[in-house]
Amino acid sequence: VRVTDPFAGPSGSAVQALTTFRILAAPIAQLVVKSYPTSGRAAFLMPSPLVVLATDRFGNQDLTDFYTVITVGLSSTAALVTNVPIAGLSVLPPSGVTATVSAGVATFNVLYIDKIGTFTFECSTAAPSQVTGRSGPFTVTIGDPFILSVTRQPVGAAVNVALKVAPKFVLF
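Conventions used here
- Residues numbered from 1 in each chain as written.
- Predicted model: local features only at pLDDT ≥ 70, side-chain atom pairs only at ≥ 80, totals over all residues.
- Heavy atoms only, no water.
- Pairing = 2+ DSSP bridges.
- Helix = DSSP H or I, 4+ residues; strand = E, 2+ residues; numbered from the N terminus.
- Axes fitted to C-alpha atoms, helices over the stretch in contact; angles between N-to-C directions.
- Patch = residues over 30% accessible without salt bridge, like charges linked within 9 Å, V, L, I, M, F, W, Y side chains within 5 Å.
- Areas by Shrake-Rupley, 256 points an atom, 1.4 Å probe, with all protein chains shown as cover.
- Salt bridge = Lys/Arg side-chain N within 4 Å of Asp/Glu carboxyl O.
- Buried < 20%, exposed > 50% of the residue type's maximum accessible area, 1.4 Å probe, protein only.
- Phe/Tyr/Trp six-rings, centres within 6.5 Å; stacked < 30°, edge-to-face > 60°.

Our next topic: the sheet that holds strand 1 (residues 30-35). Reading across from one edge, 1-3-7 is the order of the three strands in this open sheet, with antiparallel pairing throughout. A strand with exactly one partner marks an edge of an open sheet, and here the two such strands are strand 1 and strand 7 (105-108). Strand after strand, the sheet turns through a mean of 25 degrees between neighbouring axes, direction not considered. Pairing analysis gives five bridges linking strand 1 to strand 3 (residues 50-55), with the strands arranged antiparallel. The residue bridging Leu31 from the neighbouring strand is Ala54, located in strand 3.

It is worth spelling out a nonpolar patch on the surface at this point. Where nonpolar side chains cluster on the molecular surface, the patch consists of Leu148, Val150 and Phe169 and spans about 300 Å² of accessible area. Mapped onto the fold, Val150 is located in strand 12 (residues 148-152). Take Val150: its relative accessible area is 37%, and that puts it in the partly exposed class.

Right, let's talk about the packing of aromatic side chains for a bit. How two aromatic rings sit relative to each other is given by the distance of their centres and the angle of their planes. Tallied over the entire structure, the rule returns two aromatic pairs. On the numbers, 6.2 Å between centres and 40 degrees between planes, the contact of Phe119 with Phe138 is tilted. Residue Phe119 is found in strand 9 (residues 117-125), and its partner Phe138 is found in strand 11 (residues 138-141); the two are separated by 19 residues along the sequence. On the basis of relative accessibility, which here comes to 1%, the residue Phe138 falls in the buried class. With 4.5 Å between their ring centres and 20 degrees between their planes, Phe121 and Phe138 make a pair best called stacked.

No statement about biological role is implied by the geometric values presented.
This is how it looks when you write it as structure tokens:
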């Protein structure tokens, strides 16, 4: 960087020595969802991670941030329940749905959702300077069943006689 005196003559005689300095990002002002899974199957790991950037108001990633904790929630994009958190967002291991920023990036690698529908990821930091961000919509479809549960046992079993109470099965 060359610093000159604006009052110097046309020869630029007031040129100062070259100085090196570092420009840091301003305080975090927004969370930008860089990438997220655009589809998935219920009760299976999402096929790609959710990646969130901590940026300043100018869009610069805060490369010096190694401590901010970002929490991710799940919202439905259905017309009647827009932005209402829905139970069912899970992260493995069961330590919660948070990630700590490293060089301005938080990555959620092992998300799975046990509901079907169209959703968005809602990201936020803690108060007092709460900052938020949102992914675009993504769809979770029904996954392959992997548990067969008998929820009602049969009653009155006899050869060639109809059951008095039929069994009931549920697939998960």
